[in-house]
Amino acid sequence: MVDAFFFQSLGIIVIAAAVLVMAGRMIRMPAIVVYLLAGVLIGPTFDWVEMSPALELISETGIALLLFLVGLELSFAKIRDVGKVAVVAGIGQVALTGAVAYGACLLLGIPALEALFLSTAVTFSSTVVVVKTLAERGELNLLYGRISVGILLMQDLVVVVLLTMLAGLGGGDELDAAAVASGLGKAFGGMSLLLGLTWFATRHILPRPFRWASRAPDMLMIWALSWCFLMVLAAHWFGLSLEVGAFLAGLALAQFPYNEDLRRRVHPLMNLFVAVFFVTLGIRVSGEGLVQNMGTALVLIVLVLLLKPVLFLWINLRMGYDARTSFLSGITLSQISEFSFILVGLGFSRGLVSQEIFSITAIVGVGTIAVSSYLFSYRYKLHEWAERQGVLGWKLFQPRESVAVDSEPAHALLFRHVIVVGMNTLGRQIVKLLHERGERVLAVDTDPAKLENLPVHTLLGSVEYLSVLQEAGLERAKLLVSALRIEDANDLLAYRCQSAGIPSAIHVIDLSVVDNLLDLGADYLMIPKVDGVKEQVKILRKMRILQP
């Protein structure tokens, strides 16, 4: 039975994370950085919390959910058009940064094996930070965003290989050649079997039941989590780390059309476990190590913040992309990854690296994620400054003659369009009628089957999430029409539209809700049984919301 000490420690972790996140938002500090700082404060600084087996279990669950979400972000369909640059830039940057960082670590007096771990850790960029930041700015589907996500996918696949190698290594006293060769053989054999199982399940087992479950979003989340933990268990059976199983589980589901909706539903559950995971990472940091290793960490922070953007800029330009796209992707990826902590943490648990290396990684992580988040906030101004100063005109940064053309997803370019929510009979009828009258229409629903065969742009997702409305381009729309029969959802849509200054037309079933919708800012209330759909469209045209 878990004792009161565990609940006390967990309570302190959650409260410290919540309080510091509120403070961090005032200075736009990323949540991951805040969690690490919270761990350092309540752990080595004030000694309020110590690690226990129960906290270790919660932390490991957080790792699984974190990597599951990372996998969910990486849809091959989204990055198919940038696959070549993703492979070249993803692997090329890792190799070049790793080589430079390894040399720097040796010059700083770090032993060869630990230098290898540390230099490898600083090569990767953070999928969680980058995807979350791009999604919040609505730029995930822009060309530089897709390039960034493609590069992250390649880096994450490299990490999976490294984690597989670590699974094949024993502790620090067992590193003889025969043991290493045997362990690596078993690990990569198990990895091959797990990949084969994942591919077969994705192609032949999962599509039909998940398609059926997608019609009930709550069931979809339960099934997805079940699949995640089943893959974690399978990874354990094959002698691999749970991180590999969770990542592959998310990567498999990311290829399905409802991965965006699934990601939004899993995200709130993941937040608690991820907070605990990063706070416990901070707790593990040695207080003495923070002071003793600050100089080494600062050298690596400067190295990452300068070298990564330059390498990504140079590689992307050589691949034929324009200076603006190349510059923005470089700024976006100028930090180290959550995988860096996991990689060094596993090395520490196996006796391959010291506590000192773990402390350095934590400091570099906090520094690079914090600074890169501020650089991203001023990315366009930094690009203008670089152009004015002639930096992008240097011979090193001259692009090839064949410059790639920026091609965005169709619905990302919609402007002055009509968003229709809910593809029931009424919603589909409204969509088809508006399309026939020449309107630009985006249909939104949580059921992929209801979006099939519509002659307009479509978006899968629940409008309860603000991110879905942002992706639908609510602020660029000229009207939102809700055909939903869900009172709470309609109330929320009316409020969101009023806040964005966009007219709304809301479906009314029960006349008792009319006053409430009008108070929330609905511009027009649709009562199909009274007016009929065609009459309602005429009224909207008279209101000059739709084209005459």
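None of these values were measured; they are calculated from a predicted model.

1. Digging into the pairing of strand β1 (residues 418–421)
Taken residue by residue, a regular strand's side chains alternate between the two faces of the sheet.
At step 1: Residues Val 418 and Val 420 line one face of β1 and the alternating positions Ile 419 and Val 421 line the opposite face, and both faces are buried.
At step 2: For the crossover from β1 across helix α19 (residues 425–436) to strand β2 (residues 441–445), the handedness is right-handed.
At step 3: Bridge count between β1 and strand β4 (residues 479–482): 4 bridges; the pairing is parallel. Counted as the bridge partner of Val 421 is Ser 482 from β4.

2. Focus: helix α16 (residues 338–349)
At step 1: Between its first and last C-alpha atoms α16 spans 17 Å; for 12 residues at 1.5 Å apiece the expected length is 16 Å, and the two agree.
At step 2: Within α16, 9 of the 12 residues are buried, which leaves the element mostly enclosed by the surrounding structure.
At step 3: Buried within α16 are the following residues: Glu 338, Phe 339, Ser 340, Phe 341, Ile 342, Leu 343, Val 344, Leu 346 and Gly 347.
At step 4: You can read the cap of α16 off the contacts: a side-chain oxygen lies 2.9 Å from the backbone nitrogen of Phe 339, and it is on Ser 337.

3. Focus: the environment of Ala 101
At step 1: Examined against the element boundaries, Ala 101 turns out to sit in helix α4 (residues 83–107).
At step 2: Since its relative accessible area comes to 0%, Ala 101 is described here as buried.
At step 3: Residues contacting Ala 101, with those up to four places away along its chain left out, are Ser 119, Val 122 and Leu 303.

4. Looking at unusual backbone geometry
At step 1: Although it is not a glycine, Asp 47 sits at a positive phi angle of roughly 60 degrees.
At step 2: Following the sequence through the fold, Asp 47 ends up in the loop between α2 (31–45) and α3 (53–72).
At step 3: For Asp 47, a relative accessible area of 52% translates into the label exposed.
At step 4: Of note, the phi angle at Asn 453 is positive, near 65 degrees, even though the residue is not glycine.
At step 5: Within the secondary structure, Asn 453 is located in the loop between β2 and β3 (457–460).

5. Some words on the pattern of salt bridges
Close approach of charged atoms lets side chains of opposite charge pair.
At step 1: All chains considered together, the criterion is met by 1 salt bridge.
At step 2: In this structure, the salt-bridge partner of Glu 439 is Lys 478, at a minimum N-O distance of 2.8 Å. With Glu 439 in the loop between α19 and β2 and Lys 478 in the loop between α20 (466–471) and β4, this pair connects stretches of sequence that are 39 residues apart. The pair Glu 439 / Lys 478 is uniform in exposure class, with both members buried.

6. Remarks on the confidence of the model for the protein
At step 1: Per-residue pLDDT for the protein has a mean of 79; in total, 84% of the residues score no lower than 70.
At step 2: In this model residues 402–407 is a low-confidence stretch, pLDDT under 50, and it forms 11 contacts with partners more than four residues away in sequence or in other chains.

7. Some points on the packing of helix α1 (residues 4–26) against α2
At step 1: Packing of α1 against α2 leaves a shortest axis separation of 9 Å and a crossing angle of 130 degrees. Classed by the angle they form, the pair α1 and α2 counts as oblique. Seen from above, α1 lies across α2 with right-handed handedness. In this structure, α1 uses Ile 12, Ile 13, Ala 16, Ala 17, Leu 20, Val 21 and Gly 24 to contact α2, whose residues at the interface are Val 34, Tyr 35, Ala 38, Leu 41 and Ile 42.
At step 2: In terms of residue class, the contact of α1 with α2 is built from 11 nonpolar, 1 polar and no charged.

8. Observations regarding the nonpolar core
Soluble globular proteins: nonpolar side chains tend toward being buried together.
At step 1: Residues Phe 68, Trp 227, Phe 247, Leu 253, Phe 278 and Val 420 are the most contacted members of the largest nonpolar core, which totals 144 residues.
At step 2: In contact with Val 420, other than residues within four places in its own chain, are Gly 427, Ile 430, Val 431, Leu 434, Val 441, Leu 442, Ala 443, Val 444 and Val 481.

9. Quick word on the pairing of strand β5 (residues 504–507)
At step 1: Because side chains alternate across β5, one face comprises the buried residues Ser 504 and Ile 506, and the other comprises Ala 505 and His 507, equally buried.
At step 2: Bridging between β4 and β5 involves 3 bridges; their strand directions are parallel. Pairing of Ser 482 across the sheet is with Ile 506, part of β5.
At step 3: In this fold, the crossover linking β4 to β5 by way of helix α21 (residues 487–500) has right-handed handedness.
At step 4: Where β5 lies against strand β6 (residues 524–526), 3 bridges are found, and the strand directions are parallel.

10. Topic: the packing of α1 against α3
At step 1: Taken N-terminus to C-terminus, the directions of α1 and α3 make an angle of 45 degrees; their axes are 9 Å apart at the nearest point. The angle between α1 and α3 places the two elements in the oblique class. Here α1 and α3 pass one another in a crossing that is right-handed. Here Phe 6, Ser 9, Leu 10 and Ile 13 of α1 come into contact with α3, specifically with Ala 54, Leu 55 and Ile 58.
At step 2: Among the residues forming the contact of α1 with α3, the class breakdown is 6 nonpolar, 1 polar and no charged.

11. Focus on the environment of Ile 363
At step 1: By the secondary structure assignment, Ile 363 is in helix α17 (residues 355–377).
At step 2: With a relative accessible area of 10%, Ile 363 lands in the buried category.
At step 3: Linking Ile 363 and Val 33, residues 330 residues apart in sequence, is a C-alpha distance of 9.8 Å.

Rules used throughout
Residues numbered from 1 in each chain as written. Predicted model: local features only at pLDDT ≥ 70, side-chain atom pairs only at ≥ 80, totals over all residues. Heavy atoms only, no water. Buried < 20%, exposed > 50% of the residue type's maximum accessible area, 1.4 Å probe, protein only. Helix = DSSP H or I, 4+ residues; strand = E, 2+ residues; numbered from the N terminus. Right-handed = clockwise from strand over helix to strand, strands pointing away. Pairing = 2+ DSSP bridges. Expected span 1.5 Å × (residues − 1). Polar contact = N/O pair within 3.5 Å; in protein donor to acceptor, adjacent residues only side chain to side chain. Contact = heavy atoms within 4.5 Å. Salt bridge = Lys/Arg side-chain N within 4 Å of Asp/Glu carboxyl O. pLDDT = per-residue confidence, 0-100. Axes fitted to C-alpha atoms, helices over the stretch in contact; angles between N-to-C directions. Parallel < 35°, antiparallel > 145°, perpendicular 65-115°, else oblique. Left-handed = near helix turned anticlockwise from the far one by under 90°. Nonpolar A, V, L, I, M, F, W, Y, C, P; charged D, E, K, R; others polar. Core = buried A, V, L, I, M, F, W, Y, C linked by side-chain atoms within 4.5 Å.

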